[in-house]
Amino acid sequence: MKHRKSRKLHRRGVSTVLKNKCCIILISKSPTDGLGFLLSCGACISHYTRACVKYYNIIMTIAEFQTACDTIAQEYTEKIAHAADLAAVEELRVASLGRKGALTELLKNLKDFSIEDKKTAGPLGNALKAKLTAALDEKTDLLAAKEINEELNKVDLDLTLPGYPVAKGHRHPLSVAQDRMTEILSQLGFEWAEGPWVEDEKHNFDLLNIPLHHPARDAQDTFFVDSKMPLVLRTHTSNVQSRYMEKHKPPLRIMAPGRVFRNDSLDATHSPVFHQIEGLYVDKNVSMADLKSDLTAFMKGLFGNKAEIRFRPSFFPFTEPSVEVDVKCVFCQGKGCNVCKGSGWIEMLGAGVVHPNVLKNCGIDPNEFSGYAFGMGVERLAMMMLNIKDIRTFYENDLRVLKQF
Ligand code: PHE
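How each quantity is defined
- Residues numbered from 1 in each chain as written.
- Predicted model: local features only at pLDDT ≥ 70, side-chain atom pairs only at ≥ 80, totals over all residues.
- Helix = DSSP H or I, 4+ residues; strand = E, 2+ residues; numbered from the N terminus.
- Buried ≥ 20, exposed ≤ 12 C-beta atoms within 10 Å, placed from the backbone.
- Contact = placed C-beta atoms within 7 Å.
- Near = placed C-beta within 6 Å.
- Nonpolar A, V, L, I, M, F, W, Y, C, P; charged D, E, K, R; others polar.
- Expected span 1.5 Å × (residues − 1).
- Arc of directions from axis to C-beta.
- Axes fitted to C-alpha atoms, helices over the stretch in contact; angles between N-to-C directions.
- Parallel < 35°, antiparallel > 145°, perpendicular 65-115°, else oblique.
- Left-handed = near helix turned anticlockwise from the far one by under 90°.
- Pairing = 2+ DSSP bridges.

Visitor: Run through the overall build of the protein chain, naming residues and quoting values.
Guide: The helix and strand tally for the protein chain stands at 16 helices and 10 strands. By residue count, 34% of the 405 residues in the protein chain fall in the buried class. Across the protein chain, contacts joining residues at least 24 apart in sequence account for 65% of those joining residues at least 6 apart.

So, in structure tokens, the structure goes:
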């Protein structure tokens, strides 16, 4: 295409606007005849048009706008198709869609159109923009892929070699054990419940029938949080009992797994941070018999059909009567070995019938309802399930050990 400066325009002072632009072969006699001179690039047309609008108050017709769109479309699709590298594509992006690009310049005419013409011209402009953007993006992707391939071809790479295997982990044995336990409990009808780790004394102790000066607080020595309210790191999951019963009325049947804290030193069987699962069942006429049958079913689910349990009398302030539940040693089937220290039984959890005071404290009438509760140590059961002898194994994160489970 030939570009020549229009003397006529120059004379009329429009050349300042057209400066540095490739210019127009003027076909019409005067700019007022309209813009029938479209033998130029899109940017020039739009510059020229604006110049005319500015100096002679000429308004582009919709037909001219459409022709200008077509010219820009044709010119830039051709140029984009021939662009040799990414830099060239970027230049064309600026030249067509940039702030001073051909399309942007052309669209400036929109403001002078009637509402009717705007309705036609707007979509035309948008369609052109979409078309150019798509063409530019497509070319960029193509050239980028080409550049990467050229880079790769320079290096001696064997892409057919197999990759390094991705190391595949698995769940921590404690999580595996806890999942198994909660799965069995849910099959027995227990619903999931949770409570906070940092707990007030009221829910951890008071409501559970452990008043401030009760010696049972010594047995569950814990960490006190420095705050205005008396807060502790919960010593057991029994806090979920009090929290749940405050909000829900019987019948209720929940399991509450979670982390608990005690001021114990770490040894083979104790840890200051460990896990429990609380069980609570409150309804009419719930008794020790329900506790025994449910716990037997639970242990059979965990250790197989031969599992047996026994109750030994014990004391917890929040249950009456209270029991320790032993399971027949799964290692020697009750004959006596070093795991069960020759007794044939292993102590597994604490349980009992919910103390009437606890029900009362939580707004449940003990004359109408009764319940049982139990709290079992996840670590202790997991050690039995997985034959782990030292509780510290769970926390040391030694992959050589963890990989075995
Ligand atoms: N909370 C008791 C403990 O941590 C266990 C327990 C729960 C006992 C429920 C009886 C009933 O030792």
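Right, picking up where we left off after that structure.
Visitor: So what's going on with the site of the ligand? Residues and values would help.
Guide: Around the ligand, the neighbouring residues are H236, S238, F316, T319, G350, A351, G352, A373, F374 and G375. Mapped onto the shell around the ligand, the elements with two or more residues apiece are β9 (345-354) and β10 (370-377). Looking at the shell around the ligand, its residues break down into 4 nonpolar, 6 polar and no charged.

Visitor: Report on unusual backbone geometry, specifying residues and quantitative values.
Guide: Put simply, P250 and P251 share a cis peptide bond, and its omega is 5°. The topology assignment puts P251 in the loop between α11 (239-247) and β5 (252-261). Here Q333, not a glycine, exhibits a phi torsion of approximately 50°, which is positive. Mapped onto the elements of the fold, Q333 is located in the loop between β8 (319-328) and β9. For Q333, a count of 12 C-beta atoms within 10 Å gives the class exposed.

Visitor: Can you tell me about helix α12 (residues 288-303), naming the residues and giving the values?
Guide: Here α12 is 16 residues long and its end C-alpha atoms lie 22 Å apart, about the 22 Å a rise of 1.5 Å per residue gives. Every buried residue of α12 is listed here: L291, D294, L295, F298 and M299. When α12 is viewed along its axis, its buried side chains cluster within an angular range of 135° and face the same direction. Facing away from the buried side of α12, by more than 90 degrees, are the exposed residues A289 and S293.

Visitor: An account of helix α8 (residues 173-187) is requested, with residue identities and associated values reported.
Guide: Given 3.6 residues per turn, any residue in an α-helix points the same way as the ones three and four places further on. Between the first and last C-alpha of α8 there are 21 Å, a value that for 15 residues agrees with the 21 Å anticipated at 1.5 Å per step. Here α8 has its buried residues at P173, L174, A177, Q178, M181 and L185. Buried residues of α8, seen end-on, are gathered within an arc of 130° and therefore sit on one face of the element. Across α8 from its buried face, at more than 90 degrees, point the exposed residues D179, E183, S186 and Q187. Buried positions along α8 lie against β5, β6 (273-283), α12, α14 (378-386), α15 (393-396) and α16 (399-402). Where α8 ends, the next residue or the one after it, G189, has phi of about 95°, a positive value.

Visitor: I'd like a description of the packing of helix α4 (residues 62-82) against helix α5 (residues 86-97), backed by residues and values.
Guide: Running from N to C, α4 and α5 cross one another at 165°; their axes reach a closest spacing of 9 Å. It follows from the interaxial angle that α4 and α5 lie roughly antiparallel. Here α4 and α5 pass one another in a crossing that is left-handed. For the pair α4 and α5, contact is made by Y76, K79 and I80 and by V89, L92 and S96, respectively.

Visitor: Before we move on, could you go through the sheet that holds strand β7 (residues 309-316) and cite the residues and values that matter?
Guide: Taken together, the 7 strands give an open sheet; going across it, the order is β1-β5-β6-β10-β9-β8-β7, and neighbouring strands pair in mixed fashion. Strand pairing shows two members of the sheet lacking a second neighbour, β1 (191-192) and β7, which therefore form its edges. The sheet contact formed by β9 and β10 spans 5 bridges and is antiparallel. Residue pairing in the sheet places A351 in a bridge with F374 of β10. The sheet strands contacting α11 are β5, β6 and β10, and the helix crosses β6 at an angle near 40°.

Visitor: Explain the environment of E78 to me, using residue names and the numbers behind them.
Guide: Here E78 lies in helix α4. Judged by the 9 C-beta atoms lying within 10 Å of it, E78 is exposed. Remark: the alpha-carbon pair of E78 and A135, spanning 57 residues in sequence, is separated by 10.0 Å.

Structural measurements only, silent on function.
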